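Architecture at a glance
In case you want the letters, here they are:
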Amino acid sequence: MALDSSSKRVFKVVGTRPPRPDGVDKVTGRALYGADVSAPGMLVGRILRSPHAHARIRAIDTTAAEALPGVKAVVTARDFARLEGDKIIDMGEDRTSLRDVRDNCLARDKALYDGHAVAAVAALTPEIARAALKLIAVDYEILPHVIDVDAAMRPEAPVVLAGRAHENVPGGMSPNVTNHCEFGHGDLEAGFAQADRIVERSFTTAATHQGYIEPHACLASVTGDGRADLWCCTQGQYNVRDICAELMGMQASQLRVTASEIGGGFGGKTVVFIEPVALLLARKSGRPVKIVMSREEVFRATGPTVSASIDVRIGMARDGRITAGEAVLRYSGGAFPCETVDMGAQAAFACYDLRAVRTLGWNVLTNRPKEAAYRAPGAPQAIYAVESVVDELCQGFGLDPLEVRLRNAARKGTKSSYGPTFEAIGLEATLEAAKAHPHYSAPLGPGQGRGLSAGFWFNFGGNTSVSLSVNTDGTVGITEGNPDIGGSRASISLMAAEELGIPYERVRATIADTSSLGHNDVTDGSRVTFAVGLATIKAARDAKQKMCARAARIWGIDEEAVLWEDGAAKPSGPNAGDFPPMTLAEIAAVSFKTGGPIAGHNEAHADGAGVSFGVHICDVEVDRETGATKVLRYTVIQDAGKAVHPDYVEGQMQGGAVQGIGWALNEEYIYGEDGRLQNAGFLDYRVPVASDLPQIDTVILEIPNPGHPYGVRGVGETPIVPPLAALSNAVSRAIGHRMTRLPMSPPRVLEAINAGR
Amino acid sequence: MVAVTLWGSLRRFTGGEGQVEVEARNFKELLDRLAETYPGLKPQIDRGVSLALDGRIYREAWFTEIGPDSEVVLMPYMTGG
């Protein structure tokens, strides 16, 4: 096969299920997470947080804390480097202001939410650090606060930050409204005029946390000559380096960031919270400083997803054809501006082929922690509302919800609701697979309901560097720069083995620190298997070309007369000469004598990730006495393009479904009248546990992505999109009442049941 | 000339037009021409945009060539989790 071939191929290694390379370390406790790193002379860092939802900081007096024996440094926002102008930086969820990142790490003029960091100490022991925090006197002027997104849009609402609206926000709105978008095409009113029925509903969704098991943790060390090292749990060590270097007034080359093993991220570790603070403390104290967040701090001060208020209006003809769709999305971004609603407004109707569609979106400031990315940021909320109304229309006409979705499904050639015309996509095949699945036709018992939802996510690629080294013993090392949050070391190794024609067991992938490899974007956007895989394939092709050249020199023939096949260099035909194939191991063994070490590289920006669709089917039973919902059966069907390691793909599909189930049924940030978070812990913030759930069944479809040589599409984000509506549709059908508010916790479901009695 | 489809909220910066034409051979030229011709679009372009070319979405690819009959759609900067 030619080195640049991209035609469909028969795979030998890709698609197999070898044991995960991180498994032994994780089950034996050897894996080093963020909090596991230590250094001689290390100090303990602790952060003082605002007890107020909104308060002006008149003064911070750190004198008494600094005088406490054992305290080595105290810092506030004034310790950050002066920023010359502002800068827009990529933080996973959106592009955001460097000043906002700084002011989120340590509040400057105002504390903007309960838990907002205002000062930090480094001390010899945790006890001294805690005592020092109590000695810091913060003079607050308490200000009125606003938590609810609709309330924050009203003209009389307390202003979280003034003067932050983008130019796209029309005049006359509350200063809390910072971003506006509109998408769509066609004549909306003409479309509604063709409808036999129009349903218009308003929905709300709560802010939910990513719920990763590992709290944020880091260790910072700054030497007297200005060099620094940072070890932290993150989804993107390069972004951490760039942001921290800017905030510290350092050159990026002088700060090395090493990503630890990561105990979950789901988008929530694409940002920095404690890392710049630890660096400040380390520089000021002259000693290494470790900061580990408590679970309460994680809830109060790291990003949950947006909470949302959404209006949807959809018209349908009697035969199930959707004639028009409209949605208005209001997303609370927390205390700093964001643009997440852009993604929600584009995704809302992406599953449908519509002649008339429009979505309007608004991002709004509230006195909550700044939202952070959470799998397919912005899409689950929007699609929940749309898929709920579609389901209600199906019920009203007595139509099969799958048939209606098939009738209206976006296909290749459909002008998408957000503008571009779709290339080859897998929605129709996914819906057909759902229709054929035994789950869809299985009988339901009394009091049970079945819900269905389609889902969509964009996926993207991004900047990627990969280095592939051919060792003299015939093994291969891959150096990549994206923390492994979803099995990327296995999938990258599989693709390298496939491309080189060697066994998977001869390949090992490791994650580089920022000084050992060129830039890599954050592990987000379902990009790693696609983009790092693409770079790995290209790096392997680079290495193959070099190995073919070495064989050609050994044989004394032209390089062009050698090809790579089945893990070996071979003459391309009888005219090239009669030489036995040289395997990778044989070429590697003599590499020092034939020109030196052999390696392949690729540094590029990957595009062409290919959008992804999924369909979820959910059966529930609702206890009409308590309002509790039990999930009886759950099936996920998704187009993976090509499943490189199917175990991990299934794991992503199951994990996304479970997180979505939690979002739909129980998870919620609950604030008191005082604007303080009341459930900052897993006892009161209820995530699903294994005993709450049935086996999540999965069906992987493989409709190749034309933008990847193996057809790979990202799979990590799409599976969290459909569960919200699948659950809501199932519960609504089970109780005979349309649910419009998430989470559907037992009191809310009971209220709906009682309203219908 | 390349016909560029804009998302709805940008129409206020193009005199109400949802599709505009500019002379461009690649994405960089296209974004430069858009910002020159419609200065109201510049803040959004500076914050970051994506471009879809014949249905495929690109984030940062200045030198992607645009064919004479290509479908070009300006989109917000793609983000994810």
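Not measured: the values here are computed from a predicted model.

All right, on to the overall build of chain A then. Helix and strand counts for chain A come out as 21 helices and 28 strands. The C-alpha atoms of chain A give a radius of gyration of 27 Å, which matches the 27 Å a tight globule of 757 residues would have. Within the span of chain A, comprising 757 residues, buried residues form 64% of the whole. Considering only intrachain contacts with a sequence separation of at least 6, the fraction spanning at least 24 residues in chain A is 79%. For chain A, the exposed surface amounts to about 26,400 Å²; the carbon and sulfur share of it is 50%. Across chain A, the centroid of the 76 positively charged side chains sits 2 Å from that of the 88 negatively charged ones.

Averaged over every residue, the pLDDT of chain A is 96; residues scoring 70 or more account for 98%. In the model, residues 1-6 of chain A has pLDDT below 50 throughout and makes nine contacts with residues more than four positions away in sequence or in other chains.

Within a regular strand, side chains alternate between the sheet's two faces. Residue and element names in this part refer to chain A. The buried count for strand β19 (residues 462-470) comes to seven of nine residues, which makes it a mostly enclosed element. Two elements, β19 and strand β25 (residues 598-606), share nine bridges in a ladder whose sense is antiparallel. Looking at the pairing, serine 465 lines up with glutamate 603 of β25. Hairpin connection, β19 to strand β20 (residues 476-480): the antiparallel pair is bridged by five residues, and glycine 474 has positive phi, about 90°.

Okay, the sheet that holds strand β4 (residues 56-58) of chain B next. All names here are of chain B. Read across the open sheet, the five strands follow the order β2-β1-β5-β3-β4; overall the sheet is mixed. In the strand order of this sheet, the two ends are held by β2 (19-22) and β4, each with one partner. Between one strand axis and the next, the sheet turns by 30° as a mean value, whatever way the strands run. In this sheet, β2 lies alongside strand β1 (residues 2-5) in antiparallel orientation, the contact comprising four bridges. Residue pairing in the sheet places valine 4 in a bridge with valine 20 of β2. Together, β1, β2, β3 (49-53), β4 and β5 (72-76) form the strand contacts of helix α1 (residues 27-37), whose direction differs from that of β3 by roughly 125°.

Residue and element names in this part refer to chain A. Between helix α12 (residues 401-408) and helix α13 (residues 427-436), the shortest axis-to-axis distance is 10 Å and the interhelical angle comes to 160°. With respect to each other, α12 and α13 are oriented roughly antiparallel. In the crossing of α12 with α13, the sense of the turn from one axis to the other is left-handed. In this structure, α12 contributes Leu402, Glu403, Arg405 and Leu406 to the contact, and α13 contributes Glu428, Leu431, Glu432, Ala434 and Lys435.

We now examine the nonpolar core. Counting 127 residues, the largest nonpolar core has Phe456 of chain A together with Leu30 of chain B as the members making the most contacts within it. No other element matches the 11 residues that helix α11 (residues 379-397) of chain A contributes to this core. If we skip the residues at most four places from it in the chain, phenylalanine 456 of chain A touches Ala347, Ala350, Cys351, Ala379, Ile383, Tyr418, Phe422, Val611, Ser612, Phe613, Thr718 and Val721 of chain A.

A few words on unusual backbone geometry. Residue and element names in this part refer to chain A. Cis peptide bonds are those with omega within 30 degrees of zero, and the linkage from leucine 742 to proline 743 qualifies with 0°. With respect to the helices and strands, proline 743 occurs in the loop between α20 (723-735) and α21 (746-756). Positioned with a positive phi, asparagine 459 is a non-glycine residue whose angle comes to about 70°. Of note in this structure, aspartate 566 is not a glycine but carries a positive phi near 50°. Among the secondary structure elements, aspartate 566 is positioned in the loop between β22 (562-565) and β23 (568-571). Judged by its relative accessible area of 53%, aspartate 566 is exposed.

Residues and elements named next belong to chain A. If you walk through the whole model with that rule in mind, you get 19 aromatic pairs over all chains. Arranged with centres 5.4 Å apart and planes meeting at 10°, the rings of tyrosine 374 and tryptophan 663 form a pair that is stacked. Here tyrosine 374, found in the loop between β17 (357-365) and α11, pairs with tryptophan 663, found in helix α19 (residues 646-665); they are 289 residues apart in sequence, far enough to count as distant. In this structure tyrosine 374 comes out as buried when scored by relative accessible area, which is 1%. Taken together, the ring pairs connect Tyr418, Phe422, Phe456, Trp457, Phe458 and Phe613 into an aromatic cluster.

Among the structural elements, threonine 523 of chain A can be located in the loop between β21 (507-511) and α16 (528-555). Residue classification places threonine 523 of chain A among the buried positions, given a relative accessible area of 5%. Within polar-contact distance, the side chain of threonine 523 of chain A engages the backbone oxygen of proline 483 of chain A at 3.3 Å. Contacts of threonine 523 of chain A, omitting those with residues within four sequence positions, involve Gln235, Thr270, Asn482, Pro483, Ile485 and Val528 of chain A together with Gly81 of chain B.

To continue, consider the interface of chain A and chain B. Often, the extent of an interface is quoted as the loss of accessible area on bringing the components together. At the junction of the two partners, chain A supplies 46 residues and chain B supplies 29 residues. A combined buried area of about 2,900 Å² lies between chain A and chain B, and 51% of that area is made up of carbon and sulfur atoms. Inspection of the chain A/chain B interface yields five salt bridges. One salt bridge connects aspartate 521 of chain A with arginine 59 of chain B, and the closest N-O pair in it is separated by 3.5 Å.

Okay, the sheet that holds β23 of chain A next. All names here are of chain A. Ordered by their spatial adjacency, three strands build an open sheet running β22-β23-β24, and the pairing between neighbours is antiparallel. At either end of the open sheet lies a strand with only one pairing partner, and these are β22 and β24 (582-583). Relative to β23, β22 runs antiparallel, the two sharing four bridges. Opposite valine 562, over in β23, you have proline 571 as the bridge partner. Contacting β22, β23 and β24, α16 runs over the sheet at an angle of about 130° to β22.

What follows concerns the pattern of salt bridges. All chains considered together, the criterion is met by 59 salt bridges over all chains. Each of Arg20, Asp22, Lys26, Glu261, Asp484 and Arg489 of chain A takes part in salt bridges that share partners, so that together they form one network.

Here proline 19 of chain A shows up in the segment before α1 (23-28). Once the C-alpha coordinates of proline 19 of chain A and glutamate 505 of chain A are considered, the two residues, 486 residues apart in sequence, prove to be 10.0 Å apart.

We now examine the pairing of strand β2 (residues 55-61) of chain A. All names here are of chain A. Two elements, β2 and strand β6 (residues 110-111), share two bridges in a ladder whose sense is antiparallel. From the neighbouring strand, alanine 55 faces β6, where its bridge partner is alanine 111. Examined bridge by bridge, β2 and strand β8 (residues 137-142) share six bridges and lie antiparallel to one another. Residue arginine 56 lies in a different strand from β8, and its bridge partner there is glutamate 141.

What counts and how
Residues numbered from 1 in each chain as written. Chains lettered and ligands numbered in written order. Predicted model: local features only at pLDDT ≥ 70, side-chain atom pairs only at ≥ 80, totals over all residues. Heavy atoms only, no water. Helix = DSSP H or I, 4+ residues; strand = E, 2+ residues; numbered from the N terminus. Rg over C-alpha atoms; globule rule 2.2 N^0.38 Å. Buried < 20%, exposed > 50% of the residue type's maximum accessible area, 1.4 Å probe, protein only. Contact = heavy atoms within 4.5 Å. Areas by Shrake-Rupley, 256 points an atom, 1.4 Å probe, with all protein chains shown as cover. Lys, Arg positive; Asp, Glu negative; His and termini not counted. Charge placed at Lys NZ, Arg CZ, Asp CG, Glu CD. pLDDT = per-residue confidence, 0-100. Pairing = 2+ DSSP bridges. Axes fitted to C-alpha atoms, helices over the stretch in contact; angles between N-to-C directions. Parallel < 35°, antiparallel > 145°, perpendicular 65-115°, else oblique. Left-handed = near helix turned anticlockwise from the far one by under 90°. Core = buried A, V, L, I, M, F, W, Y, C linked by side-chain atoms within 4.5 Å. Phe/Tyr/Trp six-rings, centres within 6.5 Å; stacked < 30°, edge-to-face > 60°. Polar contact = N/O pair within 3.5 Å; in protein donor to acceptor, adjacent residues only side chain to side chain. Buried area = accessible area lost by both parts, 1.4 Å probe. Salt bridge = Lys/Arg side-chain N within 4 Å of Asp/Glu carboxyl O.

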